[in-house]
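# Understanding the architecture of this molecule
The primary structure of each chain is shown beneath.
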Amino acid sequence: MDSNRTEKNGENCEGSIYVNNPHLESMKEDILYHFNLGTASHDLPAMFGDVKFVCVGGSPWRMKSFIEYIAGELGLANPEAEYPNICEGTDRYAMYKIGPVLSVSHGMGIPSISIMLHELIKLLYHSRCSNVTVVRIGTSGGLGLQPGTVVVTKQSVDATFLPRLEQVVLGKSVVRSTELDAELAEELLQCGKELAEFETVIANTMCTLDFYEGQARLDGAFCSYTEEDKQKYLASAYAAGVRNIEMESSVFAAMCKLSNLRAAVVCVTLLDRQKGDQLTSPHEVLHGYQQRPQILVGHYIKKKLNLFKKK
Ligand code: R2B
Ligand code: URA
């Protein structure tokens, strides 16, 4: 395998994707097991070399619907054509591509998105991609926001409101920064303003390890705290600038930063967590909310590809 492009800590090669793993150099081939792809079995540069935008989101169904939507927006839709799942043969993740846009599902939670990102980063690296922007589009619980509000993440913070991700590697704690691209976040916020179809804000996002106790819910199978404790905790999150809560942004931010990917997180709020825990809105309402991040990111991609007619 080509070892010359493996980036070492601190070296900056503008626009290229970093991997920082000397062991990759001695591998004859790299099997991206959870994608059912590999460097020996697939011509990755031919398949993915033109990718400039990657959108990731939890559900395979939503990521297929995103590729159909973006194909229409970019004028690349073919009503006759199906969009094949590139990861056919595995049901771990689903992947779709149209032109320079790749859409990949990541499942729920840090472990699931982390596995996907290791393989995605290597896929982009092996494909010799450069200047790639990655956006996580997803759902979240809101704090003090009207349900349906889209939050562009300023900082992804942990459950103690710190902008960091703590991982245990070889039994030792490793703390990584969860800094995201501030300029990209502002550009996405601007897209929300231009669309003016729904409220878009920029704020901190809390990333938790769990949907129930980890997010101070009262409706899990177990709960050892009171409603008052819950409200106190959510109020302290609000005071720390948190306006939404989800489960993947921290590792997403950390891994994209390590690999020199411009990254952003755009999540819609499905409910106001200060008012309740259960998702009681009708299915069609929630479905409509879930389309908002994709509409916003679609607008951004069109803008970047200069697809708006100049007046
Ligand atoms: C948002 O929604 C999912 C939980 O319902 C989780 O993946 C997340 O981050
Ligand atoms: N996703 C979450 O992680 N939390 C919510 O409250 C809603 C969606």
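Calculation notes
- Residues numbered from 1 in each chain as written.
- Chains lettered and ligands numbered in written order.
- Predicted model: local features only at pLDDT ≥ 70, side-chain atom pairs only at ≥ 80, totals over all residues.
- Heavy atoms only, no water.
- Near = heavy atom within 4 Å.
- Polar contact = N/O pair within 3.5 Å; in protein donor to acceptor, adjacent residues only side chain to side chain.
- Areas by Shrake-Rupley, 256 points an atom, 1.4 Å probe, with all protein chains shown as cover.
- Helix = DSSP H or I, 4+ residues; strand = E, 2+ residues; numbered from the N terminus.
- Phe/Tyr/Trp six-rings, centres within 6.5 Å; stacked < 30°, edge-to-face > 60°.
- Buried < 20%, exposed > 50% of the residue type's maximum accessible area, 1.4 Å probe, protein only.
- Lys NZ or Arg CZ within 6 Å of the ring centre and 35° of its normal.
- Nonpolar A, V, L, I, M, F, W, Y, C, P; charged D, E, K, R; others polar.
- Pairing = 2+ DSSP bridges.

All right, on to the site of ligand 2 then. Within the structure, ligand 2 sits among T139, S140, G141, F211, Q215, R217, I245, E246, M247, L271 and R273. A distance of 3.5 Å separates an oxygen atom of ligand 2 from a polar atom in the backbone of G141. A distance of 2.8 Å separates a nitrogen atom of ligand 2 from a polar side-chain atom of Q215. Considered on its own, ligand 2 offers 240 Å² of accessible surface; in the complex 93% of this is hidden by protein. Going through the elements one at a time, β6 (133–142) and β11 (242–246) are the ones with two or more residues in the shell around ligand 2.

Right, let's talk about the packing of aromatic side chains for a bit. Taken as a whole, this structure holds four aromatic pairs when the rule is applied. Ring plane angle 90° and centroid distance 6.3 Å describe the contact between F53 and Y300, whose orientation is recorded as edge-to-face. Here Y300 lies in helix α7 (residues 283–304) and F53 lies in strand β3 (residues 53–57), a separation of 247 residues in the sequence. For the pair F53 and Y300, a shared accessibility class is recorded, and that class is buried. Against the face of F211 rests R217, its NZ or CZ located 3.8 Å from the ring centre. In this structure, R243 packs its charged tip against the face of Y238, placed 3.4 Å from the ring centre.

Around ligand 1, a shell composed of M108, R136, T139, F211, E246, M247 and E248 is seen. One of the side-chain N or O atoms of R136 is found 3.2 Å from an oxygen atom in ligand 1. With respect to ligand 1, the side chain of E248 contributes an N or O atom lying 2.5 Å from an oxygen atom. Across the shell around ligand 1, the residue classes break down as three nonpolar, one polar and three charged.

Turning our eyes to something else, we now look at the pairing of strand β4 (residues 95–98). Bridge count for β4 against strand β5 (residues 101–105) is four bridges, and the pairing is antiparallel. Bridging across to β5, M95 finds its partner in V104. Two successive antiparallel strands, β4 and β5, enclose a turn made up of two residues, where G99 displays a positive phi of approximately 50°.

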